[in-house]
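Structural characterization, general
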Amino acid sequence: MVTFDCRAERVDGVTLVTATVGNIAEPTRITVQNRLDGPLWPPRTQGVPAAGWSEDGFEGVLRPETQALGYATPAPPSAQPAELVSTEPAPDTTIADDRLDSADAVLRELGDPSPPAAAVPTAESMHVAEAASAGPPGPTPEQDIEPQPAGRQPSAEPRTAAGHQPDQQLPDAVSQWLETVAGRVDRAERLAEADSLSAATAAVRTADGLSGVRTVAARGETDEQMLRALARRAERLADRRAAATVPTETLSRLA
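Residues numbered from 1 in each chain as written. Predicted model: local features only at pLDDT ≥ 70, side-chain atom pairs only at ≥ 80, totals over all residues. Heavy atoms only, no water.

**Quick look at the sheet that holds strand β7 (residues 67–73)**
In space, the three strands of this open sheet follow the order β1-β2-β7, with antiparallel pairing throughout. The two strands at the open ends of the sheet, each matched to only one other strand, are β1 (3–11) and β7. This sheet shows a mean twist of 15° between the axes of neighbouring strands, independent of strand direction. Both strand β2 (residues 14–22) and β7 contribute to a ladder of seven bridges, which runs antiparallel. The residue bridging T20 from the neighbouring strand is A68, located in β7. (Pairing = 2+ DSSP bridges. Helix = DSSP H or I, 4+ residues; strand = E, 2+ residues; numbered from the N terminus. Axes fitted to C-alpha atoms, helices over the stretch in contact; angles between N-to-C directions.)

**Regarding the nonpolar core**
Ranked by size, the top nonpolar core spans 18 residues in total, and within it V21, I30, W53, F58 and L69 carry the most contacts. When residues of this core are traced back to their parent elements, those giving at least two are β2, β3 (28–34), β6 (57–62) and β7. Considering every element that reaches this core, the biggest residue donor is β2, with three residues. Residues contacting W53, with those up to four places away along its chain left out, are L40, P42, P43, F58, L69, G70 and Y71. Formed by five residues, the second largest nonpolar core is a distinct cluster that contains L191, A203, V204 and A207. (Core = buried A, V, L, I, M, F, W, Y, C linked by side-chain atoms within 4.5 Å. Buried < 20%, exposed > 50% of the residue type's maximum accessible area, 1.4 Å probe, protein only. Contact = heavy atoms within 4.5 Å.)

**Structural notes on a nonpolar patch on the surface**
There is a patch of nonpolar side chains on the surface, built from V246, L251 and L254 and spanning about 310 Å² of accessible area. With a relative accessible area of 47%, V246 lands in the partly exposed category. (Patch = residues over 30% accessible without salt bridge, like charges linked within 9 Å, V, L, I, M, F, W, Y side chains within 5 Å. Areas by Shrake-Rupley, 256 points an atom, 1.4 Å probe, with all protein chains shown as cover. Salt bridge = Lys/Arg side-chain N within 4 Å of Asp/Glu carboxyl O.)

**What to know about the side chain of R184**
Among the structural elements, R184 can be located in helix α4 (residues 172–193). A residue is classified by how much of its surface remains accessible, and R184, at 11% relative accessible area, is buried.

**A closer look at the pairing of β2**
Bridge count for β1 against β2 is nine bridges, and the pairing is antiparallel. Of the residues in β2, the one forming a bridge with A8 is V17.

**Overview of the sheet that holds β3**
Backbone-to-backbone hydrogen bonds pair the strands of a sheet. The strands run either parallel or antiparallel. Here we have three strands laid out as an open sheet, ordered β6-β3-β8, and antiparallel in their pairing. The strands lining the two open edges of the sheet, one partner per strand, are β6 and β8 (82–89). Adjacent strand axes in the sheet meet at a mean angle of 15°, parallel and antiparallel pairs treated alike.

**Quick look at the environment of P43**
Inspection of the secondary structure assignment puts P43 in the loop between β3 and β4 (44–45). Along the chain, P43 and Y71 lie 28 residues apart, while their C-alpha atoms are 5.9 Å from each other. Other than its neighbours up to four places away in sequence, P43 contacts V48, P49, A50, W53, G70 and Y71.

**Here's the deal with the packing of aromatic side chains**
Per the counting criterion, the structure on display carries two aromatic pairs. Here the aromatic rings of W53 and F58 are separated by 5.4 Å at their centres, their planes lie at 55°, and the arrangement is tilted. Take W53 and F58: they sit in the same class, and that class is buried. In this structure an aromatic cluster arises from ring pairing among W53, F58 and Y71. (Phe/Tyr/Trp six-rings, centres within 6.5 Å; stacked < 30°, edge-to-face > 60°.)

**Comments concerning the side chain of T28**
Relative to the assigned elements, T28 resides in strand β3. From its side chain, T28 meets the backbone oxygen of E26 in a polar contact 2.7 Å long. Residues within four places of T28 in sequence aside, it is in contact with G60, V61, L62, T87, E88, P89 and A90. (Polar contact = N/O pair within 3.5 Å; in protein donor to acceptor, adjacent residues only side chain to side chain.)

**Remarks on the confidence of the model for the chain**
Confidence in the prediction for the chain averages 75 pLDDT; 69% of positions are at 70 or higher. The low-confidence segment residues 95–101 (pLDDT under 50) makes 16 contacts with residues lying over four places distant or belonging to another chain. In this model, residues 138–167 is a region of pLDDT below 50 whose contacts with residues beyond four sequence positions or in other chains number 19 contacts. (pLDDT = per-residue confidence, 0-100.)

**Comments concerning the environment of A75**
Within the secondary structure, A75 is located in the loop between β7 and β8. Separated by 59 residues in the primary sequence, A75 and L16 have C-alpha atoms spaced 9.7 Å apart. When near neighbours in sequence (up to four residues on either side) are disregarded, A75 contacts R10, T15, L36, D37 and G38.

**Things to note about the packing of α4 against helix α6 (residues 209–243)**
Packing of α4 against α6 leaves a shortest axis separation of 9 Å and a crossing angle of 125°. Regarding the angle of α4 to α6, the classification is oblique. Seen along the crossing, α4 lies across α6 with a hand that is left-handed. Where α4 abuts α6, its residues W177, L178, V181, R184, R187, A188 and L191 lie against V213, V216, R219, D223, M226, L227 and L230. (Parallel < 35°, antiparallel > 145°, perpendicular 65-115°, else oblique. Left-handed = near helix turned anticlockwise from the far one by under 90°.)

This is how it looks when you write it as structure tokens:
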């Protein structure tokens, strides 16, 4: 038979209720209700009430082991702060959050996709960042000293960093890495934009299930840092290459 014990402690004007549920022989659905005269403040994960909690108490499936439940309330404590209302065997042994079958479950797993306020650039921070990345002004490149054949005018067409057309194919290794990162970015965008149960379910399925969701979440910061580092290095190399005009005809005469 399932056992239930609870106690309440008053700390700085808030009552902390702790309940212990034991002697669980098989996955069991339990219902615990708050008996104190005041609102219930449930535990939260990523800002969302933990799975199973509502304004009245807790209802969910517990596995065969002793479980502790806790919540807070502004109401004064009493001898019986909470009550075990019902218990029944649960044939479905999968906890709701393990299935990620709701938008709240996905949010508890991954966190709020919105960037923190400190990460949102302002006009002033953008100006400072641009000034810092630009560095001290360098010397103006000298004019191309390569002699031109008679009757030929210097080309006015813009050139890319290596003299190729803008749609030049990237090296296979770089292209493959970018495609891999792009796939993770696509999955992260779908997960971040999911605003309903059906959308969250489809996004999780597209990400190859919960393990794939965790991989996308874990690799996010690393992918962003590597992409930005690549962009900065490529830009610097492109600027250096654009300024380095090789006078082939002049050098061939000197050879």
